[in-house]
Amino acid sequence: MSGFALRDDVHTQHHTETSRSPVQRTKDWLMPTSVTGWTMAVAVASLITQIGIIVTGGAVRLTESGLGCPTWPKCTPESLTNTPEMGIHGYIEFGNRTLTFVLTAVAVLMLLAIWRLRATYRAIFWLSIILLCGIPGQAVIGGMTVLTELNPWVVSLHFLLSSFLVCLAALLVNRVGLERRIGGGEVEQVPSLVDGETTATTRGLARAAFVLGWITLILGTVVTGSGPHGGDAEAPRHDFDPAVVTRWHVIPVYLLIAVVIVLLVLVHRLASSQRQRISVWAMVAVIVLQASVGYYQHFNGLPIVAVLGHMLGTGLLAWLMTNMMDRQCSSYSWHDTVVDPRSPRFTANVDPATLVADAQAEGASPGPAR
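In the annotation of an unreviewed UniProt entry, the protein chain is listed under the name COX15/CtaA family protein and assigned to Auritidibacter ignavus. In its Subcellular location (unreviewed entry) section, the UniProt entry covering the protein chain states "Membrane".

As structure tokens, this is what we get:
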């Protein structure tokens, strides 16, 4: 195919795009046929909102607004929403409940963004489905916390489910990011999430850090349930000695620090990628942050602002420990779905005429499913 013919093909494609109706253009934007910037934006929004709901849930507890709406699913037996007579606590609790709709909207947009690619990007599609289904689970467990008058075991279950969804959102962002980078023409030597050298030791350390991170989060909920911030002045608390459970809580933290430091040394001795090294350094940063805030709040009477910062840190920890393990252990790799003859990854080694002919013959259909 000559250069003129190739330009004519591109011109025809551009004319077709501009002649589409606004409705069709909106549909193609919300439901693209390739992984686009919009897909990436919604995936990142999924991660941010899942971390955000941990922080806002902490704010409800720290302001003693956990029973600002004393029943569920309504705010009061007579009203779906809070009333002025309920005061600031009613506004805070009901405001936190309405964030469920924000999470749902983001999850639905993510599902729409991958819907026309679901046969090919099955991992991304199922992650989107699970994240969407997890939101009603959050709502139901949140309702259980109210109906049990803030039982600390139920409150901890609510937090742990949210942390699990943060981990899933982190996997989603990584996979969408890879497809977006390579599909957009970025040249990478190894088009997979594990894009640098790893060994059995580094993979084992990354998995150990992930497990230790989860043990830290679980024991952290026991410490929280034994402390003063229960969400309401009359909320039940654990009978554990806060000093004792805090000492148990820091044991996996120390082990996590040791594991991450060893992994940091190893990734710098290996031919690891920049993303792999950044993922470990990010874990180091969040551990330092969490340890600093944790010690400060412990020795200063658990001030609300510090505790809220620690809650943000738990969300960041769930994200970054998942990201670090994913960069060392994932088997996920990129696979081309639409042939674009203008991509620099192809034109250097492949005849553009062949690419255009193949694309036209296949109708730019998805590649093999994964």
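Next comes the rest of the write-up.
(A) Local environment of the side chain of Q138. Within the secondary structure, Q138 sits in helix α5 (residues 122-147). Within the local environment of Q138, its side chain forms a polar contact with the side chain of Q50, the two groups lying 3.4 Å apart. Once residues within four sequence positions are removed from consideration, Q138 is found in contact with Q50, I53, L103, H158, L161, S162 and L165.

(B) Summary view of helix α3 (residues 37-62). Compared with the 38 Å implied by 1.5 Å per residue over 26 residues, the 37 Å span of α3 between its first and last C-alpha is a close match. Remark: E64 follows α3 within two positions and exhibits a positive phi of approximately 60 degrees.

(C) A look at the packing of α5 against helix α6 (residues 152-183). Packing of α5 against α6 brings their axes to within 10 Å, and their N-to-C directions diverge by 165 degrees. What the angle tells us is that α5 and α6 run roughly antiparallel. Regarding α5 and α6, the two cross each other, and that crossing is left-handed. Classifying every residue of the contact of α5 with α6 gives 16 nonpolar, eight polar and two charged.

(D) Quick look at the packing of aromatic side chains. If you walk through the whole model with that rule in mind, you get five aromatic pairs. Members of the aromatic cluster, each reached through a chain of ring pairs, are W115, F125 and W126. Directly above the aromatic system of W115 lies the positively charged group of R118, at a separation of 4.1 Å from the ring centroid.

Calculation notes
- Residues numbered from 1 in each chain as written.
- Predicted model: local features only at pLDDT ≥ 70, side-chain atom pairs only at ≥ 80, totals over all residues.
- Heavy atoms only, no water.
- UniProt positions renumbered as here; feature names shortened; annotations may be inferred.
- Helix = DSSP H or I, 4+ residues; strand = E, 2+ residues; numbered from the N terminus.
- Polar contact = N/O pair within 3.5 Å; in protein donor to acceptor, adjacent residues only side chain to side chain.
- Contact = heavy atoms within 4.5 Å.
- Expected span 1.5 Å × (residues − 1).
- Axes fitted to C-alpha atoms, helices over the stretch in contact; angles between N-to-C directions.
- Parallel < 35°, antiparallel > 145°, perpendicular 65-115°, else oblique.
- Left-handed = near helix turned anticlockwise from the far one by under 90°.
- Nonpolar A, V, L, I, M, F, W, Y, C, P; charged D, E, K, R; others polar.
- Phe/Tyr/Trp six-rings, centres within 6.5 Å; stacked < 30°, edge-to-face > 60°.
- Lys NZ or Arg CZ within 6 Å of the ring centre and 35° of its normal.

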